Each structure stands twice: as C-alpha cells, then as structure tokens.
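# Per-entry structural report
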Amino acid sequence: PRDKLGLVVRVLGVPIEKISSSLPFQRVDLEKQLLSIQQIDLNRIQATPIVNAEEEKEQRESLIGTLDIPSEHPDIRAKSAEIITASSNRLEAIESINQFVFDYMEKTPVIGVPNGLSALQQAQGDCNEHTALFVSLARAAKIPARIAAGIVFSDRTGPLKQFYYHAWPEVLVYTENNEPIWLPVDPTFGQVPADATHIKLVEGGLDRQVEI
C-alpha cells in the first residue's frame, strides 16, 4: 500500500456524499458511487520561498498556534528553525520536517489528547502525535499546515490487511501554474506526498475527527 500512486474504490454501506472531494487528489463521483485518489508528481510543485507574507491573512487559521498545536512555544520554534536551516525552499522544508518527525518519534499508541509540544518532549506516539508535531513545526516555520483524518490501508496496523483510522497533515504548496494546493504528507510513514490509500473524511482536530 505504501507504493500506491492511484486508487479507485466503490463506496457501499455509507452515503458517499458524506465524503467530500479534496482536489486535486481526491474526487468523488456521486453517480457511480466511486472515490478516486491520485498522488501528485512532486515535479509539479514550485520551489517557492518558505515564508509567504501574503498567506498570513488568507491562511491565518492554518498558521496560528492552538492548545494542541503550540507552534509559538519557544521549544517548537527553536526545533523548527534547526530542522529547516539547510532548506532553500518550502518543499525542502516540508520534506525536512517530515523526515525529522518520522525518524524522531517512536511509533507506539499513547493515551491522551495529541499535543505537538508533548510529542516533541516525549518522542513517542501514534499517527495523531506525529501529525500534531509536524503541524506545530510547520506552522512555526510559517508554512500553512492543517490536520486531515480518515482511513488508510494498512498491512501492519492490525491482524487484517484493511483500512484503519488514520490522521496526517496537509501543507500549502503551489503548482507550476501558481495554483495553491493542500499537499497530503505522512510523517507516520515518512511520505512526501502521502500514498494514494489515504482516504480523507474530515479536516481538523479532535472536534472534527469524532465525526468519523
């Protein structure tokens, strides 16, 4: 599953209209009851500067710190600056943050509310902690980032090879046509971009994820 570039699934047993398109990656065909996902080619992503001053107002919700995404905390800001110090553009910074979280975090289930600072301090957690830490570090670097949640196909999570609950980050990048897109990445699996078995159901923190 980690190598899949495209996926088409037929949705049964739940109204497909509850699943929204997340263009350009995820498309919903209401008539055929099909969901299709296509991974983007990173060669289409512009090498834009890490910080874009124009985004501060337009993407404020994806840049500000929160209780669970404490991007303004001195420890988060210092670690973020350290991670991206050699990055010359936004995509390189995203890849550096993603690789850091993947390498740094021990992959183990934890009990409690995901928090980016706690994840940095404890260096362990599941997909929620990986995502909270990534989003905290990205926002500290002034890269708009948000949380996506849904399901992902896994051959390792449980006794069966099937779809399981999962959370991952999305970051704002620009295509060769200067089109802004939210790129799904996965620090739990070490992927930029995330593979095509990631089916996004909701966007946001725990208050939205309970809808799943």
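Cut-offs used in this document
- Residues numbered from 1 in each chain as written.
- Predicted model: local features only at pLDDT ≥ 70, side-chain atom pairs only at ≥ 80, totals over all residues.
- Heavy atoms only, no water.
- Buried < 20%, exposed > 50% of the residue type's maximum accessible area, 1.4 Å probe, protein only.
- Helix = DSSP H or I, 4+ residues; strand = E, 2+ residues; numbered from the N terminus.
- Arc of directions from axis to C-beta.
- Contact = heavy atoms within 4.5 Å.
- Pairing = 2+ DSSP bridges.
- Axes fitted to C-alpha atoms, helices over the stretch in contact; angles between N-to-C directions.
- Lys, Arg positive; Asp, Glu negative; His and termini not counted.
- Salt bridge = Lys/Arg side-chain N within 4 Å of Asp/Glu carboxyl O.
- Phe/Tyr/Trp six-rings, centres within 6.5 Å; stacked < 30°, edge-to-face > 60°.

It is worth spelling out helix H2 (residues 74-83) at this point. Within H2 the residues assigned to the buried category are Ile76, Ser80 and Ile83. Down the axis of H2, the buried side of the element spans an arc of 65°, and every buried residue falls inside it. Those residues of H2 that are buried are in contact with helix H3 (90-104), helix H4 (116-122) and helix H5 (127-140).

The next subject is the sheet that holds strand S2 (residues 26-29). A sheet is described by the order of its strands in space; here three strands give the open sequence S1-S3-S2, paired in antiparallel fashion. Edge strands, defined here as strands with exactly one partner in the open sheet, are strand S1 (6-10) and S2. Sheet twist, expressed as the average angle between the axes of neighbouring strands with direction ignored, equals 15°. In this structure, S2 lies alongside strand S3 (residues 34-38), joined through four bridges in antiparallel fashion. Looking at S3, one finds that Asp29 is bridged to Leu34.

This paragraph deals with the side chain of Arg139. With respect to the element layout, Arg139 can be found in helix H5. One buried charged side chain, Arg139, makes no salt bridge at all; its nearest oppositely charged neighbour is Asp68, positioned 6.8 Å away. Each residue touching Arg139, except ones within four places of it in the same chain, is listed here: Glu61, Ser62, Leu63, Ile64, Thr66, Ile69, Ser71, Ala145 and Arg146.

Peptide bonds are mostly trans, and most non-glycine residues show a negative phi. In this structure, Pro24 follows Leu23 across a cis peptide bond, with omega equal to 5°. By secondary structure assignment, the location of Pro24 is in the loop between S1 and S2. Following Val192, the chain continues into Pro193 via a peptide bond in cis, with omega recorded as 0°. Note on placement: Pro193 falls in the loop between strand S8 (180-184) and strand S9 (198-203). Unusually for a residue other than glycine, Lys142 sits at a positive phi of about 65°.

As a further point, take the sheet that holds strand S6 (residues 145-154). The four strands lie next to each other as S8-S7-S6-S9, forming an open sheet whose pairing is antiparallel. Strands at the two margins of the open sheet, each flanked by one partner only, are S8 and S9. Here the average twist between neighbouring strands, direction ignored, is 35°. Summarising the sheet, strand S7 (residues 162-174) and S8 pair through five bridges and their orientation is antiparallel. Residue Val171 lies in a different strand from S8, and its bridge partner there is Leu183. Lying over the sheet, H3 contacts S7 and S8, oriented at roughly 150° with respect to S7. Its contacts with the sheet place H5 against S6 and S7, and it is angled at close to 5° to S7.

Once that is clear, we can look at the packing of aromatic side chains. Counting across every chain of the model gives two aromatic pairs. With a centroid separation of 4.8 Å and an interplanar angle of 20°, the aromatic rings of Phe100 and Tyr104 are classed as stacked. With a gap of four residues between them, Phe100 and Tyr104 both fall in helix H3, about one helical turn apart. Relative accessible area serves as the criterion here: at 32%, Tyr104 is assigned to the partly exposed category. When the centroid spacing of 5.3 Å and the interplanar angle of 80° are considered together, the rings of Phe153 and Phe163 count as edge-to-face.

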